[in-house]
Amino acid sequence: MAKKKSILDIYKMKQNGEKISWITSYDAPIASFAEQAGMDMILVGDSMGMVVFGFEGTNPVTMDMCISHCQAVRRGAPNTFIVGDMPFGSYQISDEDAAANAIRFIKEGGVDAIKLEGGKSMASRIAAIRNCGIVVCGHIGLTPQSSGVLGGHKAQGRTVESARAVIEDALAVEAAGANMILVEAVPPEVTAKIHELLSIPVLSIGAGAPCDGQLTIFADTIGMFQSFTPKFIKKYADIAPVIIDAFAQYSKEIKEGVFPSDEHCYHVIGDIAPFEEMFKEFDK
Ligand code: KIV
């Protein structure tokens, strides 16, 4: 039987210099594909707001949406290390709120860890969640839930002052007790400095290679999200045209009477004659 991954396996990978692969998933089939592909971690990201629900951003995502998607992902990937992403409003108000909602992710969502956005300003939230015995992943740099105050989805750490702030956030997240940290959309030089300073695993999304592993949004990585592709995405497949072509062919064959054919039908058991006799009863 396959062994379920824990935070100790993630630490071991860092120690051994083995890069950590991480991808988002929001449902059981994609989670199962990720597990079959040998992905080390899955993030049930609040990016489900755009990818699954068609919102313009992540902020409308609720705790209930996250919990039910975490449950689906856990069913699809029983042995993968799963991180649940705390949605906007679930931890910003108080340490107590943060702890209570993080507990819901573990108890109801079945995940192994939670992720929350923010550096220094979220240090007490990180500590409160860790004090409940929950594995925490910090998230700094571009933090989409506060893109309003960042002036949009903009890369961070590109000036000396901004880079200093990102590094100070990273130090604060580790000092607060986080078990790992995700750095989003900062220059690789800044990521390298964070990696050098921190002892917890440092993961990147759009923050370059010099760290312990990489995260991407699955729909970007396989060409399924058509609205926008970030600069840092490498497409490993182009799934959207494959799906659209298949749907178009299906629709055409329905209209032409080509589908379904005999091979796609169930057949009566035995001779058809008694059925035809019985059908006549309905004609009276
Ligand atoms: O929700 C998500 O997928 C994320 C990534 C953008 C880091 O938080």
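Sequence positions are assigned chain by chain, starting from 1 and proceeding in written order. Selection of residues for local features in this predicted model requires a pLDDT of at least 70, selection of side-chain atom pairs for listing and counting requires 80 or more, and totals for whole chains, interfaces and linings are taken over all residues. Heavy atoms throughout the structure, all of them, feed into the side-chain values; hydrogens and water do not.

A. Summary view of the overall build of the protein chain. Note on conventions: DSSP H or I runs of at least 4 residues are helices, E runs of at least 2 residues are strands, and numbering of each starts at the N terminus. Scanning the protein chain from terminus to terminus reveals twelve helices and eight strands. The globule rule is 2.2 Å times the number of residues to the power 0.38, and the radius of gyration it is compared with is taken over C-alpha atoms. Radius of gyration (C-alpha) of the protein chain: 24 Å, far over the 19 Å computed for a compact globule of 284 residues. Principal-axis analysis of the C-alpha atoms gives the protein chain an extent of 85 × 40 × 35 Å. Counting across all 284 residues of the protein chain, residues that qualify as buried make up 45%. Whether two residues are in contact is decided by their heavy atoms, any of which lying within 4.5 Å being enough. Counting contacts in the protein chain only where the partners sit at least 6 residues apart, residues at least 24 apart contribute 57% of the total. Carbon and sulfur atoms make up 59% of the accessible area of the protein chain, which amounts to about 14,800 Å² in all. Three labels apply to residues, based on accessible area from a 1.4 Å probe with only protein chains included: buried if under 20% of the type maximum, exposed if over 50%, partly exposed otherwise in between. The method behind every accessible area is Shrake-Rupley, applied with a 1.4 Å probe, and residues are considered shielded solely by the protein chains displayed.

B. Highlighting the domain arrangement of the protein chain. Domain delimitation in this document rests on an assignment produced automatically or drawn from a domain database. By the assigned domains, the protein chain splits into domain 1 (7-238) and domain 2 (242-281). On a C-alpha basis, the centroid separation for the pair domain 1 and domain 2 is 47 Å.

C. The arrangement of the packing of aromatic side chains in detail. Side-chain rings of Phe, Tyr and Trp (the six-membered ring for Trp) are treated as a pair once their centres are within 6.5 Å; stacked means planes under 30 degrees apart, edge-to-face means over 60, and tilted covers the remaining angles. Inspection of the entire model under this criterion finds three aromatic pairs. For the pair Tyr26 and Phe218, a centre-to-centre distance of 5.9 Å together with 55° between the ring planes defines the contact as tilted. Here Phe218 lies in helix α10 (residues 218-221) and Tyr26 lies in the loop between β1 (20-24) and α2 (28-36), a separation of 192 residues in the sequence. What makes Phe218 buried here is its relative accessible area of 6%.

D. Geometry of the site of the ligand. Near, as used in this document, describes a residue that has one of its heavy atoms within 4 Å of the molecule or strand being considered. Of all residues adjacent to the ligand, which total 13 residues, the nearest are Gly45, Asp46, Ser47, Asp85 and Lys115. As used in this structure description, the phrase polar contact means that two N or O atoms lie within 3.5 Å; if the pair is within protein, one of them must be able to donate a hydrogen and the other to accept it, and residues adjacent in sequence are counted only when both atoms belong to side chains. Ser47 is positioned such that a nitrogen or oxygen atom in its side chain is 2.5 Å from an oxygen atom of the ligand. For the ligand, an oxygen atom lies 3.0 Å from a polar atom in the side chain of Asp85. Burial of the ligand by the surrounding chains reaches 95%, relative to a free accessible area of 260 Å². Any residue that is not Ala, Val, Leu, Ile, Met, Phe, Trp, Tyr, Cys, Pro, Asp, Glu, Lys or Arg is counted as polar, Gly included; the first ten are nonpolar and the last four charged. Of the residues in the shell around the ligand, the class split is five nonpolar, four polar and four charged.

E. Local environment of the environment of Lys3. Locating Lys3 in the fold gives a position in the segment before α1 (7-15). For the pair Lys3 and Ile269, spaced 266 residues apart in sequence, the C-alpha to C-alpha distance is 46 Å. Residue contacts for Lys3: discarding those within four places in its chain leaves Asp9 and Asn79.

F. Just the sheet that holds strand β8 (residues 213-216), in detail. An order of β1-β2-β3-β4-β5-β6-β7-β8 is seen for the eight strands of this closed barrel, with the pairing classed as parallel. Strand-to-strand twist of the sheet, defined as the mean angle between neighbouring strand axes without regard to direction, takes the value 25°. Here the rule is simple: two strands pair whenever DSSP picks up at least two bridges between them. One ladder, built from five bridges, connects strand β5 (residues 135-141) with strand β6 (residues 180-184); its direction is parallel. Bridge pairing in β6 links Gly138 to Ile181. Lines fitted to the C-alpha atoms define the axes, with helices restricted to the stretch that makes contact. Angles between their N-to-C directions range from 0 to 180 degrees. Along the sheet face, helix α6 (residues 123-130) touches β4 (113-117) and β5 and points at about 170° away from the line of β4.

G. How the structure looks around the pairing of strand β7 (residues 202-205). Side-chain alternation along β7 places Val202 and Ser204 on one buried face and Leu203 and Ile205 on a second face that is also buried. As defined by bridge partners, β6 adjoins β7 across four bridges and the pair is classed as parallel. In the sheet register, Ile181 faces β7, and the bridge partner there is Val202. Here, the term right-handed applies to a crossover whose path from the first strand over the helix to the second runs clockwise when the strands point away from the viewer. Note on the crossover from β6 through helix α9 (residues 188-197) to β7: the handedness is right-handed. As judged from the two bridges shared by β7 and β8, these two strands associate in the parallel manner.

H. Structural detail: the nonpolar core. We call a set of buried Ala, Val, Leu, Ile, Met, Phe, Trp, Tyr and Cys residues a nonpolar core when their side-chain atoms join them within 4.5 Å. One finds Phe105, Ile114, Ile129 and Ile194 to be the most contacted residues of the largest nonpolar core, which totals 53 residues. It is helix α4 (residues 63-76) that contributes the most residues to this core, six residues altogether. If we skip the residues at most four places from it in the chain, Ile194 touches Ile140, Val166, Ile167, Ala170, Val183 and Val202. Core analysis: the next-biggest nonpolar cluster, separate from the first, contains 17 residues, Met41, Val83, Cys137 and Leu182 among them.

I. Main features of the packing of helix α5 (residues 95-107) against α6. The contact between α5 and α6 brings their axes to 8 Å, and the two run at 45°. Judged by the angle between their axes, α5 and α6 are oblique. Crossing hand, α5 versus α6: right-handed. Contacts from Asp95, Ala98, Ala99 and Ala102 in α5 reach Ser124, Arg125, Ala128 and Ile129 in α6. Considered class by class, the residues forming the contact of α5 with α6 number five nonpolar, one polar and two charged. Each angle gets one of four labels, with under 35 degrees taken as roughly parallel, over 145 as roughly antiparallel, 65 to 115 as roughly perpendicular, and the rest as oblique. Two helices that cross are described as forming a left-handed crossing if the nearer one is turned anticlockwise from the farther one by less than a right angle, and a right-handed crossing if clockwise.

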